[in-house]
Amino acid sequence: MTSAPFPDRPRVDAREKVLGQAQYAADVAVPGLLYAMLVPATIAKGSVRSVPVDAAMRVAGVVRVLTASDFPPPPAGGAGGPPPPPTITDQIAYRGQPVALVVAETLEAAIEGAEAIRPTYAAMAFVATIEGDGVEPQPVEPSTGGDADAAMARAVTRHEAEYVSPAQHHNPIEMLSTTAVWEGGVLTVYEGTQGSNMAKGALMRTLRLSADQVVVKSPQIGGGFGQKGGAQRQTAIVARAAMLLGRPVKLVVPRGQIFHNATFRPKNRHRIEIGADAEGRMIAVRYDADQQQSRQGQFPPAYHESPPMMYGIADYHGTAANLRIDTQAPGYMRAPTPHPSSFAFDSAVDEMAVKLGIDPLAFRLKHRATRDPIDDKPFSTHFLHECLTEGARRFGWDKRPLAAGATVRPDGTQVGWGVGCGAYPANVHPTIATLRIGADGTTRFAAAGHEMGQGIRSTIEQVLVRELAIDPAGLEIAIGDTSVAPQHVTAGSWGTASAVIAAERAAASAKAAMADLLAGRTPPAGNLHRQLATVRRPSIQVEVTTTGPGQGAKEVERLRQGGMAVSGPVYPQFTSFSYIAHFVEVHVEPRTRRIRVPRVVSVADCGRVISPRTAASQVRGGVVWAISACLREATEVDPRYGGWLNNDLADYVVAVNADIGEIDVAFVDQPDNMFNALGAKGLGEVAMTGCAAAVANAVYHATGKRLREMPFRIENLL
Ligand code: MOS
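Residues numbered from 1 in each chain as written. Predicted model: local features only at pLDDT ≥ 70, side-chain atom pairs only at ≥ 80, totals over all residues. Heavy atoms only, no water.

As annotated in an unreviewed UniProt entry, the protein chain carries the name Xanthine dehydrogenase family protein molybdopterin-binding subunit and is attributed to Sphingomonas baiyangensis.

Peer 1: Please clarify how the nonpolar core should be interpreted in this entry.
Peer 2: One recurring pattern in soluble globular proteins: nonpolar side chains tend to sit buried together. Ile274, Tyr287, Tyr311, Phe345, Phe583, Val586 and Phe712 are the most contacted members of the largest nonpolar core, which has 89 residues in total. Per element, the largest residue contribution to this core is 10 residues, and it comes from helix H15 (residues 612-631). (Core = buried A, V, L, I, M, F, W, Y, C linked by side-chain atoms within 4.5 Å. Buried < 20%, exposed > 50% of the residue type's maximum accessible area, 1.4 Å probe, protein only. Helix = DSSP H or I, 4+ residues; strand = E, 2+ residues; numbered from the N terminus.)

Peer 1: How should I be thinking about the sheet that holds strand E25 (residues 595-605) in this particular structure?
Peer 2: Sheet strands line up and pair through hydrogen bonds in the backbone, either parallel or antiparallel. As summarised here, the arrangement of the four strands in space is E19-E24-E25-E26, forming an open sheet in which the pairing is mixed. This sheet does not close on itself; its edge strands, each paired only once, are strand E19 (414-425) and strand E26 (662-667). Neighbour-to-neighbour, the strand axes of the sheet open up by a mean angle of 15 degrees, direction not taken into account. Alignment of strand E24 (residues 577-588) against E25, held across nine bridges, turns out to be antiparallel. In the strand pairing of E25, phenylalanine 583 is matched with valine 601. Helix-sheet contacts for H15 involve E24, E25 and E26, and the interaxial angle to E26 is about 130 degrees. Contacts from helix H16 (residues 691-703) reach E19, E24 and E25 within the one sheet, and its direction differs from that of E19 by about 160 degrees. (Pairing = 2+ DSSP bridges. Axes fitted to C-alpha atoms, helices over the stretch in contact; angles between N-to-C directions. Contact = heavy atoms within 4.5 Å.)

Peer 1: Help me understand the pattern of salt bridges in this model?
Peer 2: Opposite charge on two side chains makes pairing possible when the charged atoms of those side chains draw close. What the rule picks out here adds up to 38 salt bridges. Here aspartate 350 makes a salt bridge to arginine 706, at a shortest N to O gap of 3.3 Å. Here arginine 706 lies in the segment after H16 and aspartate 350 lies in helix H8 (residues 338-356), a separation of 356 residues in the sequence. Across the pair, arginine 706 and aspartate 350 agree in class, each one buried. (Salt bridge = Lys/Arg side-chain N within 4 Å of Asp/Glu carboxyl O.)

Peer 1: Is there a simple way to explain helix H5 (residues 196-207) in this structure?
Peer 2: Because an α-helix completes one turn every 3.6 residues, residues spaced three or four positions apart along the sequence face the same direction. With 12 residues, H5 ought to run about 16 Å at 1.5 Å a step, and its terminal C-alpha atoms sit 16 Å apart, in line with that. Summarising burial for H5: 10 of the 12 residues are buried, a large majority. Among the residues of H5, those classed as buried are Ser196, Asn197, Met198, Ala199, Lys200, Gly201, Ala202, Leu203, Thr206 and Leu207. Tucked into the core, H5 has its buried residues touching strand E11 (186-191), strand E12 (214-217) and helix H6 (235-245). Phi for arginine 208, located one or two positions after H5, is positive at around 55 degrees. (Expected span 1.5 Å × (residues − 1).)

Peer 1: Is there a simple way to think about the confidence of the model for the protein chain in this case?
Peer 2: When pLDDT is low, close inspection of the predicted coordinates is not appropriate. Averaged over the protein chain, the pLDDT score is 96; the fraction of residues at 70 or greater is 98%. Across the interfaces of the predicted complex, the ipTM metric reaches 0.98, alongside a pTM of 0.97. (pLDDT = per-residue confidence, 0-100.)

Peer 1: Would you mind showing me how to read the pairing of strand E10 (residues 177-183) here?
Peer 2: Looking along a regular strand, one sees side chains alternate from face to face of the sheet. Across the seven residues of E10, five count as buried, placing the element largely inside the fold. Relative to strand E13 (residues 249-252), E10 is paired through four bridges, and the arrangement is antiparallel. What sits directly across from threonine 179, in E13, is lysine 250. Note that E10 and E11 share six bridges and pair antiparallel. Bridge pairing in E11 links valine 181 to threonine 188. Counting the residues that bridge the hairpin from E10 to E11 gives two residues, and of these glycine 184 lies at a positive phi of roughly 60 degrees.

Peer 1: Hey, could you run me through the sheet that holds strand E23 (residues 539-546) in this one?
Peer 2: Taken in spatial order, the four strands of this open sheet run E22-E21-E20-E23, and their pairing is mixed. With one partner strand each, in any of the chains shown, strand E22 (475-478) and E23 form the two edges of the open sheet. Averaged over all adjacent pairs, the angle separating strand axes in this sheet is 10 degrees, with direction ignored. Note: strand E21 (residues 443-446) against E22, four bridges, orientation parallel. The partner of phenylalanine 445 across the bridge, within E22, is isoleucine 477. In the packing of helix H11 (residues 456-468) onto the sheet, contacts are made with strand E20 (431-438), E21 and E22, and the angle to E22 comes to roughly 135 degrees. Contacting E20 and E23, helix H14 (residues 553-560) runs over the sheet at an angle of about 75 degrees to E20.

Peer 1: I'm lost on the pairing of E23 in this one. Help?
Peer 2: Burial along E23 is one-sided: Ile540, Val542, Val544 and Thr546 are buried, while Ser539, Gln541, Glu543 and Thr545, pointing the other way, are not. When E20 meets E23, the two strands line up antiparallel, connected through eight bridges. Bridge pairing in E23 links glycine 438 to serine 539.

In structure tokens, the structure reads:
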């Protein structure tokens, strides 16, 4: 077992993607297809009195309108599984909730039918913003290490401030969509989902189907980011329509409705107090966070996941609370809590450096973390210093003037340099993989995992090519399909680590099986394909099961049942996180006060890099999103009506090409062999953490103005 660096190789599906041949869920062509459209509620809370369907049924081509009475009552809870996806009910919990589904022979007829429906409602009073009256904080368990109060009392320098992150919505290119086929008593669902088994389980419970009656296929996803992690709002509704009508039904949810029916990043607030000793070292943190939550929502306010893992501050006290209001459930959105908490915390750290008059890079390097203070475990690997020093070298940080506002170009442009750091848990999920090697040169690897653009197939190919010397042209990687292997929810940055250790184990097992076949004879020359041909065997197939540190049969069984069995970042013997440091240059234009980001250097510690090309793309994507998140993105609410006001890409502004400059990416590339044999941690989410803080810190350095609320707008710098 070697842990040498992996070579740069092209992305597995690059060619198909560039040629438009990669097939996404809504591309699936099914004969006899019907088209569907949802009817959204126009009240924020209350109940549906009636849904008159006559006007819709008069539209030529409309086949049927489904309303609440077309769905089985929700199944009783219990069994410990995740809840079934909601269908259509008469109880309205948020504006935009579906009240009907119109099914038609054409998309145009479905849209026209949906627009013809005017439900009547009994409306109730509601609260649409966390600033509204009657919003009570509901605290969760605090995160505590040491004695923050006592340490704070010893501090000689203190910084205290509040930081705010807005509600934001994922806008992947691929819309939410479901195509459902009910044939011969089997429901086949094509859906871009990060959790095909999760969707399957939800369909089974909601529509009273058995495991062998549901197949969910999600071989390619056009951007997941957590929006496609759980059971989706429309899935069971569309499946029910296909079952009732006996014809395939497709729904592509329009973007405006996605804003109201998908999960989102809730608004969150951070009151942070940091204390430093006489040597200028941070010794105490008191940190209270709260977040917007829906009345029924469960998205955990885990804002203390990452900050305690950064700088070795032993005395840390963090609280967090939910603020429940009348919105759809918030959920996981890339670096769900570590993105906003790293904006808040690494801004606060920067403010402390400024207060102490120390260079912000030198200040961070005065702190080295060796233990997780919350769970009192050693870190497996922690290469944040290496990220910082390599990033500073690539960026040219040594030429940075200490004072804010010191660099002004002749045209009045203010130039600032900032650094920001982040961390994200190194998680892993049990995986069951089968590997079949044929004498005809073909290789088939089937396992858990979903390809959402991050390059999971490329990481699997890297390992199989290295371990087995196979020709990748004959390699098929079957993932994201409940009929090929039990599928985990591919999220939380556990995809790569989970897939590559399964690939490595499967390769080792295949080599052992070949050795058994040879029974002591000298292996014929060449790879396993050649050896099989020589010993006149058509193929060998092996199955392996891998688990995270400290896991066993119980977690594997949960995976077999289609449930969640993820572990990390706290393991029996250690705590494991990935780290990143971002160095950012901003230009603030003199008259418009527009903030530009011409240059970013990001250096990540994700353990061993498996696929250098897709890994670098992941980091660039995370940096792009962080720039977008801190300069552009916020979803606004009109408190009089609820729902989301700017629910389209004209008004919910995301970064475009012209907003992005040079992004230089590098890796520490040191394996974490305590975590797994290949030494791979996670990368997808750590990429985004800390970058918004780096931008804020650079804006401060350019202008002397500290921005503590995202997004940073022109008017904040006037
Ligand atoms: Mo991610 S937000 O865990 O898909």
